[in-house]
Amino acid sequence: MHRNALQKVNYGVLYVVGTPIGNLEDISFRAIRILKDVDWIAAEDTRRTQQLLKHFGIQNRLESYHDHNKEIKAPILIRRLISGQDIAVVSDAGTPGISDPAYRLIREALSENISVVPVPGPTAAIAAVSVSGLPTDRFVFEGFIPVKKGRKSRIKSIKDESRTLIVYESPHRLLKTLRDLQSVLGDRPVAVCRELTKKFEEVIHGTISESIEIFSNRKIRGEFVLVIHGKTGKKA
Ligand code: SAM
């Protein structure tokens, strides 16, 4: 493994391990090996990770690490890394650090010159943009648009963006977000990607207004990624 000059050889390694966003077959051989070999797995949702480990016959120690305990848990995990233990951080689903609390642990590990090693796996954003049919040569990941404070200004800030936009959204706010996007960005091509890699996977290609119509007439369930065409200067 490559370490830079500052990284301490006797420290443990923090592995940032991508796990499936639905379909368990999307895990990598390397992810399975690392999850077996490390001293600890820091998991956003220990119950969900336990199921994943069980599925692959992995027995290892789990430490919960999520949004509500990250201030307390990050220093504990950092101390273990400094004492030479290897840790794999995994999120609820997908790639740790992408719109989830692993970011803080990764940043703190780097500030202590601990090696941080990626073990790449699925990410909902990339899975969505890959099937969107919208330009993929340049795109911008916007994560979640703020629910209240800063919502308007965030949407305004992407109005003139010409690159393809990727937005995460929960089922409860899907319609509101589509409507808010339409009112500021105008009616643009969008791919609404739902439950990717899961049983009810669905990708709806159309315009924002068409998506609003479709989702206004049904119960909205599942996890969503919106992939929105960047500004073109032309009407959608
Ligand atoms: N770290 C994750 C990743 O790599 O994509 C993202 C974590 S973020 C807290 C959770 C959001 O990701 C969901 O609200 C949804 O927007 C998106 N997401 C995760 N899994 C998904 C799936 N299977 N289909 C569609 N969107 C998904």
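Not measured: the values here are computed from a predicted model. Within each chain, residues carry numbers counting from 1 in the order of the written sequence. This being a predicted model, a pLDDT of at least 70 is required before a residue's local features are given, and a value of 80 or more before pairs of side-chain atoms are given or counted; all residues contribute to the totals for chains, interfaces and linings. To obtain the side-chain values, all non-hydrogen atoms of the structure were included, while hydrogens and water were left out.

**Examining the pattern of salt bridges**
And step 1. Any Lys or Arg side-chain nitrogen located within 4 Å of an Asp or Glu carboxyl oxygen qualifies as a salt bridge. Taken as a whole and judged by the stated rule, the model has 17 salt bridges.
And step 2. The residue D180 makes a salt bridge to K176 at a minimum N-O spacing of 3.0 Å. Residue D180 and its partner K176 are both found in helix α7 (residues 174–185); the two are separated by four residues, about one turn of the helix.
And step 3. Of the charged contacts in the structure, one is a salt bridge between R194 and E202, with a shortest N-O distance of 2.8 Å.
And step 4. Of the residues examined, E202 reaches a relative accessible area of 22% and is grouped as partly exposed.
And step 5. Residues joined in a network through salt bridges with shared partners are E63, K73 and R80. A helix here means a DSSP run of H or I that spans at least four residues, while a strand means a run of E at least two residues long, and both kinds are numbered starting from the N terminus. Any residue under 20% of the maximum accessible area for its type is buried, any over 50% is exposed, and the rest in between are partly exposed; the area is computed with a 1.4 Å probe on protein chains only.

**Side note on the nonpolar core**
A general tendency of soluble globular proteins is for nonpolar side chains to be buried together.
And step 1. Working definition of a nonpolar core: buried Ala, Val, Leu, Ile, Met, Phe, Trp, Tyr and Cys residues. They are joined through side-chain atoms within 4.5 Å. Core analysis: the biggest nonpolar cluster contains 20 residues, and L181, V192, L226 and I228 have the highest contact counts within it.
And step 2. Where this core is concerned, the elements lending two or more residues are β7 (164–169), α7, β8 (189–194), α8 (208–216) and β10 (224–228).
And step 3. A contact between two residues is defined here by any heavy atoms of the two lying within 4.5 Å. Discounting residues that sit within four places of it in the chain, I228 has contacts with L134, T164, L165, V167, L181, L185, R188, P189, V190 and I208.
And step 4. Core analysis: the second largest hydrophobic core is formed by 18 residues, Y15, V38, I58 and V117 among them.

**Here's the deal with the packing of aromatic side chains**
And step 1. Ring geometry is summarised as follows: Phe, Tyr and Trp rings, the Trp one being its six-membered ring, pair when their centres sit within 6.5 Å, and such pairs are stacked at plane angles under 30 degrees, edge-to-face over 60 and tilted between the two. Using the criterion set out here, one finds three aromatic pairs in the structure.
And step 2. Aromatic side chains F141 and Y168 sit 5.0 Å apart centroid to centroid with 75 degrees between the ring planes, which places their arrangement in the edge-to-face category. Highlighted residues: F141 in strand β6 (residues 139–144) and Y168 in strand β7, separated in sequence by 27 residues.
And step 3. On the basis of relative accessibility, which here comes to 35%, the residue F141 falls in the partly exposed class.
And step 4. Taking 5.7 Å as the distance between ring centres and 70 degrees as the angle between the ring planes, the aromatic pair formed by F144 and Y168 counts as edge-to-face. Of this pair, F144 sits in strand β6 while Y168 is found in strand β7, placing the two residues 24 residues apart along the sequence.
And step 5. Residue class for F144 comes out partly exposed when judged on its relative accessible area of 44%.
And step 6. Grouping aromatic residues by their ring pairs yields a cluster made of F141, F144 and Y168.
And step 7. Residue placement shows R61 over the ring face of W40; its charged tip is 4.2 Å from the ring centre. Two conditions define a charge located above a ring, namely a distance within 6 Å from the ring centre to NZ of Lys or CZ of Arg, and an angle within 35 degrees of the ring normal.

**Remarks on helix α3 (residues 70–82)**
And step 1. The span you would expect from a helix comes to 1.5 Å times its residue count less one. For α3, with 13 residues, the first-to-last C-alpha span of 18 Å sits near the 18 Å given by 1.5 Å per residue.
And step 2. Looking at the buried residues of α3, the elements they touch are β1 (13–17), β2 (40–43), β3 (62–64), β4 (87–90) and α4 (102–111).
And step 3. G84 occupies a position one or two residues after α3 and carries a positive phi of about 105 degrees.

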